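Close look at the chain arrangement
Residue strings, one per chain:
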Amino acid sequence: MRTIHNPRELQEFAFSVRRSGTTIGLVPTMGALHEGHLSLIRRARQSDEVVIVSIFVNPTQFGPNEDLDRYPRMLERDLDACRECGVDVVFVPSAGDLYPEGFQTYVEVGPLASRLCGASRPGHFRGVATICLKLFNLCQPTRAYFGLKDYQQYRVVERMARDFDLPLEIVPMPIVREPDGLAMSSRNSYLSPEERTAATVLFRSLEDAAKACEAGERDPQTLAARVRRGIEAEPLARVDYVEAVDPLTLEPAGSLPALIAVAVFIGNTRLIDNRLLEAPDSSK
């Protein structure tokens, strides 16, 4: 496995690989790798001839009062995990490498980025889209893999790739969960034991809505209200948002299918999750 720090070195490597007709799979991460990340890497290993993993805590997607400085960083452990998964190249740049002095050009994101986390975290998706575009230019991937826990991020990046005619496929991957249902996240490490137990309310409330949908409830806003009530019953939880949105546009959903998307503070830790709800197939 090769570790590259310099962007130009990575780009030269990627160009040489693609000129030979070889496919490249990219898994962009901020490190602190968990099973959710590893599922993306394994999928890339199955689908592509060369696998690149980027590890970079991107400062432009953090707000002024967010957790940039304390975001978990565990590079040696991450490199070991990449090695075990058969990664070919790990890209570990510095902030100065990707945002050198005088950097001033960013991706302007549209309506997909204005709701949900975009409303709660101004500038977040501008930073996400910008770093993804830079990584796509440097890594020249055939495919890039994104987990659906960050559903809005997936849609924003997919839209950007389409709008800019980027020659790659954005591959969505299912949410990976702990045995008790909590969606895997690097930020789960912030939770105290009591908060970790309380955090399962996100999954339990989403599952409750799914069962209500299966039982015949078809109004997305009623289902979202049900999720909100479930989360608000947990004393350690503070709702940022609970919304039922169209899975494609992320606008408020008036019918199924609908994505129930949630962002919740458990103590001081902000967690996100979602569940796609569809009307059961009556023909079965």
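Structure: see above.
Presented here is an overview of the structure given in this document.

Definitions and cut-offs
- Residues numbered from 1 in each chain as written.
- Predicted model: local features only at pLDDT ≥ 70, side-chain atom pairs only at ≥ 80, totals over all residues.
- Heavy atoms only, no water.
- Phe/Tyr/Trp six-rings, centres within 6.5 Å; stacked < 30°, edge-to-face > 60°.
- Lys NZ or Arg CZ within 6 Å of the ring centre and 35° of its normal.
- Axes fitted to C-alpha atoms, helices over the stretch in contact; angles between N-to-C directions.
- Helix = DSSP H or I, 4+ residues; strand = E, 2+ residues; numbered from the N terminus.
- Parallel < 35°, antiparallel > 145°, perpendicular 65-115°, else oblique.
- Left-handed = near helix turned anticlockwise from the far one by under 90°.
- Contact = heavy atoms within 4.5 Å.
- Nonpolar A, V, L, I, M, F, W, Y, C, P; charged D, E, K, R; others polar.
- Pairing = 2+ DSSP bridges.
- 1 Å grid on protein atoms, 1.4 Å probe; cavity = no way out; pocket = protein on both sides within 12 Å on 5 of 7 lines; lining within 4 Å.
- Points joined across faces, edges and corners; volume = space filled by probe spheres on them.
- Buried < 20%, exposed > 50% of the residue type's maximum accessible area, 1.4 Å probe, protein only.

Time to look at the packing of aromatic side chains. Working definition: an aromatic ring pair is given by the centre-to-centre distance plus the angle between the planes. According to the stated counting rule, one finds five aromatic pairs in the structure shown. Chaining the aromatic ring pairs together yields one cluster made of F56, Y99, F103 and Y106. The aromatic ring of Y190 is capped on one face by R70, whose charged end is 4.0 Å from the ring centroid. Geometry around Y106 places R126 over its ring, the cationic atom sitting 3.8 Å from the centre.

Right, let's talk about the packing of helix α6 (residues 124–139) against helix α7 (residues 151–163) for a bit. Between α6 and α7, the least distance of the axes is 10 Å, while the angle of their chain directions is 55°. On the basis of their axis angle, the class for α6 and α7 is oblique. In this structure, α6 meets α7 at a crossing whose hand is right-handed. Two secondary-structure elements touch here, α6 through F125, V128, A129, C132, L133 and F136 and α7 through Q152, Q153, V156, V157 and M160. Each residue belonging to the contact of α6 with α7 can be placed in one class, and the counts come to nine nonpolar, two polar and no charged.

Take the sheet that holds strand β7 (residues 237–245) next. The sheet built from three strands is open, its strands ordered β7-β8-β9 with antiparallel pairing. Both edges of this open sheet fall to β7 and β9 (269–277), since each of them pairs with a single strand only. Mean inter-strand twist for the sheet, computed between neighbouring axes without regard to direction, equals 15°. Strand direction decides the pairing type here: β7 and strand β8 (residues 258–266), joined by eight bridges, are antiparallel. Looking at β8, one finds that R238 is bridged to F265. The strands touched by helix α9 (residues 201–214) are β7, β8 and β9; relative to β9, the strand with the most contacts, the crossing angle is about 15°.

A few words now on empty space enclosed by the protein. To find leftover empty space, one rolls a probe the size of a water molecule over the atoms. Overall, the coordinates contain one cavity of 30 Å³ or more when judged by the stated rule. Taken as a whole, the largest cavity holds about 50 Å³ of empty space. For the largest cavity, the full set of lining residues is K149, L182, A183, S185, N188, L202, L271, I272 and D273. It is β9 that provides the largest number of residues to the lining of the largest cavity, a total of three residues. The residue inventory of the lining of the largest cavity, partitioned by class, reads five nonpolar, two polar and two charged.

Residue P257 is reached from L256 by a cis peptide bond, and omega for that bond is 5°. Looking at the secondary structure, you find P257 in the loop between β7 and β8. Positive phi is not limited to glycine here, since A32 has a value of about 50°. Mapped onto the secondary structure, A32 falls in the loop between β2 (24–29) and α2 (35–47). On the basis of relative accessibility, which here comes to 6%, the residue A32 falls in the buried class. Positive phi outside glycine occurs at L250, with the angle close to 65°.

Spatially, the six strands line up as an open sheet ordered β1-β4-β3-β2-β5-β6, and their pairing is parallel. Sheet topology places β1 (2–4) and β6 (169–173) at the edges, where each strand pairs with a single neighbour. Averaged over all adjacent pairs, the angle separating strand axes in this sheet is 25°, with direction ignored. Pairing between strand β5 (residues 143–147) and β6: five bridges, direction parallel. Paired with R143 across the two strands is E169, which belongs to β6. Packing against the sheet, helix α3 (residues 75–84) makes contact with β1, β3 (50–55) and β4 (89–91), and its axis sits at approximately 165° to β3. In this fold α6 packs onto β2, β3, β4, β5 and β6, with an angle of close to 150° to the strand it touches most, β2.

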